[in-house]
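Close look at the chain arrangement
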Amino acid sequence: MAKVIIQIIVVGTQIVGKAFVEAYKQAVANAAAGGSATSRMGKDSLSRRTGMSLDEAYQILNLKRDVSNLSKNYEHLFKVNDATSGGSFYLQSKVVRAKERIDMELTEAKKESQNPQDINEQSSSQSASSNS
């Protein structure tokens, strides 16, 4: 009887040991390939700050890189997932965060499109004042 118990313990230890080694090898491979959660999410600052990639936000709001239906889809999904009408607060929160993420991206793009104009205006005003 004691021999059987010892064999079970030895076999169990071997199985757990092999599983641990395989898990460690997989973790090393993922780290080498950049497979951490932050690298899958995206390397831009907005993705890191919000915890949601732009692709994920588009998927949640059922958009295909076209923001013309953003408000319509957001309002529909927000109402459908309202906790007071039997919806999911978690899903409603995801919908809100997805809209915030897309809004942040649009604001950032707007700032970037205005910055080249500001730089051009500054350089033209500087060259005009130096010509005087």
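For the structure, check the block above.
For clarity, every value in this text was computed on a predicted model and none was experimentally measured.

Cut-offs and rules
Residues numbered from 1 in each chain as written. Predicted model: local features only at pLDDT ≥ 70, side-chain atom pairs only at ≥ 80, totals over all residues. Heavy atoms only, no water. Buried < 20%, exposed > 50% of the residue type's maximum accessible area, 1.4 Å probe, protein only. Helix = DSSP H or I, 4+ residues; strand = E, 2+ residues; numbered from the N terminus. Arc of directions from axis to C-beta. Phe/Tyr/Trp six-rings, centres within 6.5 Å; stacked < 30°, edge-to-face > 60°. Lys NZ or Arg CZ within 6 Å of the ring centre and 35° of its normal.

So, helix H5 (residues 70–80)
- Along H5, the positions that sit buried rather than exposed are Leu70, Asn73 and Tyr74. In a view along the axis of H5, the buried residues occupy a sector of 100°, so they form one face of it. Those residues of H5 that are exposed and angled more than 90 degrees off the buried face are Lys72 and Lys79.

Comments concerning unusual backbone geometry
- Its identity as a non-glycine residue notwithstanding, Asn62 has a phi of 55°, on the positive side.
- Take Asn62: it is sitting in the loop between helix H4 (54–60) and H5.

Observations concerning the packing of aromatic side chains
- Summed over the entire model, instances satisfying the criterion amount to one aromatic pair.
- Here Tyr74 and Phe78 contribute two aromatic rings whose centre-to-centre distance is 5.7 Å and whose plane-to-plane angle is 35°, an arrangement assigned as tilted. Note that Tyr74 and Phe78 are positioned in helix H5 at a spacing of four residues, about one turn of the helix.
- When its relative accessible area of 32% is taken as the criterion, Phe78 is described as partly exposed.
- When the ring centre of Tyr74 is taken as origin, the NZ or CZ atom of Lys99, which lies over that ring, is 5.3 Å away.

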